[in-house]
Amino acid sequence: MIRKCLFPAAGYGTRFLPATKAIPKEMLPIVNKPLIQYGVEEAIEAGMDTMAIITGRGKRAIEDHFDISYELEHQIKGTSKEHLLHDIRALVENYTFTYTRQKEMKGLGHAVLVGQTLIGSEPFAVVLADDLCEGEGKGVLAQMVELYKKFRCSIVAVMEVPKEKISKYGVVSAKEIEEGVYMVSDMVEKPSPKEAPSNLAVIGRYILTPDIFEILERTEPGAGGEIQLTDALKEQAKNNMVIAYRFKGKRFDCGSVEGFVEATNYFYEKFKAK
Ligand code: G1P
């Protein structure tokens, strides 16, 4: 039903400098796996088969990661280490990875618009790899695809966030229509705690209908002088075409050092238990 997943991955990752000087932040590992691979696995679990990655200058390591490495494969073939490449090899063999470059950093909305060339005119998912999610029962995107089947409109994943942290997020004004499912009427990007219409913050998982592209084309720069996806979604919301979904599971903010360390500790426990 939803075949393609867009990964905006052109950002500089300044919060992780100097680590991200020559390495894309999406390639920083949580234990032994780069952040973006967690997102790709989540998309595959949700039934998607094409990963559309928005890159930029200095991001070639992402393309190399999702490709064959002949020399490495040759070196470890038949050794006890061969199994370590098993998962990534299966991804490379069975799924399609497409790329385009965002030449200027003009915001998340702009990055999504750049992706139109890879998506075409079908509904698609968006994963911000910084937000590492572990769904309860099934992955967060898989939960959202279920909901899409019912509502056939854009869907944003939300979580409750304390007031003092709300200004880091896009925030929805919404009415609960089923447990954990809200009809969105308005949205605001990075509001002050006073302006925030609720405590429901958007996290980096979206399902978008393709009319979003035409809206983004005419979306003016908003918060921080950037073209905001939130502002385009707000237009869809005015026509009752956006659902907010309080997902079941955990989310780590790996765009911050604190969240990154928290995710590392959490996934290390699982890694040890294997
Ligand atoms: C982006 C979005 C914001 C969303 C957040 C989730 O912001 O613009 O609406 O709440 O991701 O992580 P960024 O974190 O890129 O500033």
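As a reminder, the structure under discussion sits directly above these lines.
Below you will find a few notes about this structure.

## Things to note about the environment of K194
For K194, the position within the fold is in the loop between β10 (181–189) and β11 (200–208). In this structure, the C-alpha to C-alpha distance between K194 and K163, residues 31 residues apart in sequence, is 8.6 Å.

## Focus on helix α4 (residues 86–94)
Taken residue by residue, α4 has I88, L91 and V92 as its buried positions. The buried side chains of α4 occupy one side of the element, clustering within an arc of 95 degrees when seen end-on. For α4, the exposed residues set more than 90 degrees away from the buried face come down to H86, E93 and N94. Where α4 is buried, its residues touch α1 (35–45), α2 (60–65) and β5 (96–101).

## Thoughts on the pattern of salt bridges
This structure, assessed with the given rule, holds 20 salt bridges. E82 is paired through a salt bridge with R89; the nearest N and O atoms lie 3.9 Å apart. Residue class for E82 comes out partly exposed when judged on its relative accessible area of 21%. Between E214 and R218 there is a salt bridge whose closest N-O contact spans 2.9 Å.

## A few points about the site of the ligand
In the neighbourhood of the ligand, 14 residues make up the surrounding shell, with D131, G170, E189, K190 and V202 lying closest. At 2.8 Å, a side-chain N or O of D131 approaches an oxygen atom of the ligand. For the ligand, the protein covers 75% of the area, taking 380 Å² as the surface of the free molecule. Ranked by residues supplied to the shell around the ligand, first place goes to β11 with four residues.

## Some thoughts on the environment of L141
Tracing the chain through its elements places L141 in helix α7 (residues 140–151). Taking the C-alpha atoms as reference, L141 lies 8.0 Å from Y206; in sequence the two are 65 residues apart. When near neighbours in sequence (up to four residues on either side) are disregarded, L141 contacts C5, E42, A43, A46, M48, A125, V127, R205 and Y206.

## Section: the packing of aromatic side chains
Counted by the stated rule, this structure contains eight aromatic pairs. With a centroid separation of 5.2 Å and 85 degrees between ring planes, the pair formed by Y266 and F267 is classed as edge-to-face. Its relative accessible area of 23% is what places Y266 among the partly exposed residues. Note on F267: relative accessible area 11%, which makes it buried. By the ring-pair criterion, three or more aromatic residues cluster together here, those being Y38, F252, Y266 and F267. Seen from the ring of Y38, K33 lies directly overhead, with NZ or CZ sitting 4.6 Å from the centre.

## Section: the side chain of Q102
With respect to the helices, strands and loops of the structure, Q102 is situated in the loop between β5 and α5 (108–114). From its side chain, Q102 meets the backbone oxygen of E104 in a polar contact 3.3 Å long. One polar contact links Q102 to H110, side chain to side chain, over a distance of 3.0 Å. With sequence-adjacent residues up to four places away left out, Q102 is seen in contact with A10, I54, T55, G56, G107, H110, A111 and V114.

Rules and cut-offs
Residues numbered from 1 in each chain as written. Predicted model: local features only at pLDDT ≥ 70, side-chain atom pairs only at ≥ 80, totals over all residues. Heavy atoms only, no water. Helix = DSSP H or I, 4+ residues; strand = E, 2+ residues; numbered from the N terminus. Buried < 20%, exposed > 50% of the residue type's maximum accessible area, 1.4 Å probe, protein only. Arc of directions from axis to C-beta. Contact = heavy atoms within 4.5 Å. Salt bridge = Lys/Arg side-chain N within 4 Å of Asp/Glu carboxyl O. Near = heavy atom within 4 Å. Polar contact = N/O pair within 3.5 Å; in protein donor to acceptor, adjacent residues only side chain to side chain. Areas by Shrake-Rupley, 256 points an atom, 1.4 Å probe, with all protein chains shown as cover. Phe/Tyr/Trp six-rings, centres within 6.5 Å; stacked < 30°, edge-to-face > 60°. Lys NZ or Arg CZ within 6 Å of the ring centre and 35° of its normal.

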